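Each chain, written out:
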Amino acid sequence: MPNIQFARELKSQVMEAQRQWASELPRQPGQLGGTITNWAEGPPVYTPGEIPTYSDFEPIRLLGVPAEFVAYLRKLGSIPFTEN
């Protein structure tokens with residue numbers, strides 16, 4: 001499962017995209033609630049020599065994100081992130 005990193009200021013947009021993506025997942029017959037997905041937050045990764053975009057906060061790095069969600073974010077195209 002891939003890891004993604006994005007500006008902390010975009011956290012609410014990423015969480016809203018995750019909610020929308022999870023609501024589109026197929027449900028099992030008789031399933032009452034939505035499908036639960038979870039992942040952990042890890043320390044940000046910095047590439048030597050790369051100048052990061054300005055932010056008052058450190059970026060967020062999510063570990064173990066489903067590849068399908070990464071594809072969904074790419075399809076949306078409105079949330080800049082890096083996969084690492």
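Before reading further, recall that the structure is shown in the block above.
Conventions used here
- Residues numbered from 1 in each chain as written.
- Predicted model: local features only at pLDDT ≥ 70, side-chain atom pairs only at ≥ 80, totals over all residues.
- Heavy atoms only, no water.
- Pairing = 2+ DSSP bridges.
- Helix = DSSP H or I, 4+ residues; strand = E, 2+ residues; numbered from the N terminus.
- Salt bridge = Lys/Arg side-chain N within 4 Å of Asp/Glu carboxyl O.
- Buried < 20%, exposed > 50% of the residue type's maximum accessible area, 1.4 Å probe, protein only.
- Contact = heavy atoms within 4.5 Å.
- Axes fitted to C-alpha atoms, helices over the stretch in contact; angles between N-to-C directions.
- Polar contact = N/O pair within 3.5 Å; in protein donor to acceptor, adjacent residues only side chain to side chain.
- Expected span 1.5 Å × (residues − 1).
- Arc of directions from axis to C-beta.

S.K.: Report on the pairing of strand S3 (residues 60-63), specifying residues and quantitative values.
M.R.: Where strand S1 (residues 4-6) meets S3, 3 bridges bridge the pair, whose relative direction is antiparallel. Looking across to S3, one finds that Phe6 is bridged to Ile60. Across 3 bridges, strand S2 (residues 40-42) lies against S3 in antiparallel orientation. Along S3, the bridge assignment pairs Ala40 with Leu63.

S.K.: Run through the pattern of salt bridges, naming residues and quoting values.
M.R.: The final tally for this structure, using the stated rule, is 3 salt bridges. A salt bridge links Arg19 to Glu16, with the nearest nitrogen and oxygen atoms 2.6 Å apart. Note that Arg19 and Glu16 are positioned in helix H1 (residues 11-23) at a spacing of 3 residues, about one turn of the helix. By relative accessible area, which is 46% here, Arg19 ends up partly exposed. Arg74 serves as the salt-bridge partner of Glu83, at 2.5 Å between the closest nitrogen and oxygen.

S.K.: An account of the sheet that holds S3 is requested, with residue identities and associated values reported.
M.R.: Read from one edge to the other, the open sheet built from 4 strands follows the order S2-S3-S1-S4, with strand pairing classed as antiparallel. Only two strands of the sheet have a single partner each, and these edge strands are S2 and strand S4 (82-83). H1 contacts S1, S2 and S3 of the sheet and is inclined by roughly 25° relative to S3.

S.K.: Help me get a handle on the side chain of Gln5, residues and values and all.
M.R.: Turning to its location among the elements, Gln5 is positioned in strand S1. Within the structure, the side chain of Gln5 is placed 2.7 Å from the backbone nitrogen of Val45, a separation counted as a polar contact. Sequence-distant contacts of Gln5, defined by excluding residues within four places in its chain, comprise Pro44, Val45, Pro59, Ile60, Arg61, Phe81, Thr82 and Asn84.

S.K.: Lay out H1 with the relevant residues and their values.
M.R.: Across its 13 residues, H1 extends 18 Å between first and last C-alpha, which sits within 8% of the 18 Å expected from 1.5 Å per residue. Looking at H1, one finds that the buried residues are Val14, Ala17, Gln18, Trp21 and Ala22. One side of H1 holds all its buried residues, which, seen down the axis, span an arc of 130°. In this structure, the buried residues of H1 make contact with S1, S3 and helix H2 (67-76).

S.K.: An account of the environment of Lys11 is needed here, citing residue identities and associated values.
M.R.: Checked against the element boundaries, Lys11 lands in helix H1. Residue classification places Lys11 among the partly exposed positions, given a relative accessible area of 37%. Taking C-alpha positions, Lys11 is 18 Å from Ala67, a pair spaced 56 residues apart along the chain.

Worth remembering: the numbers are spatial, not functional.
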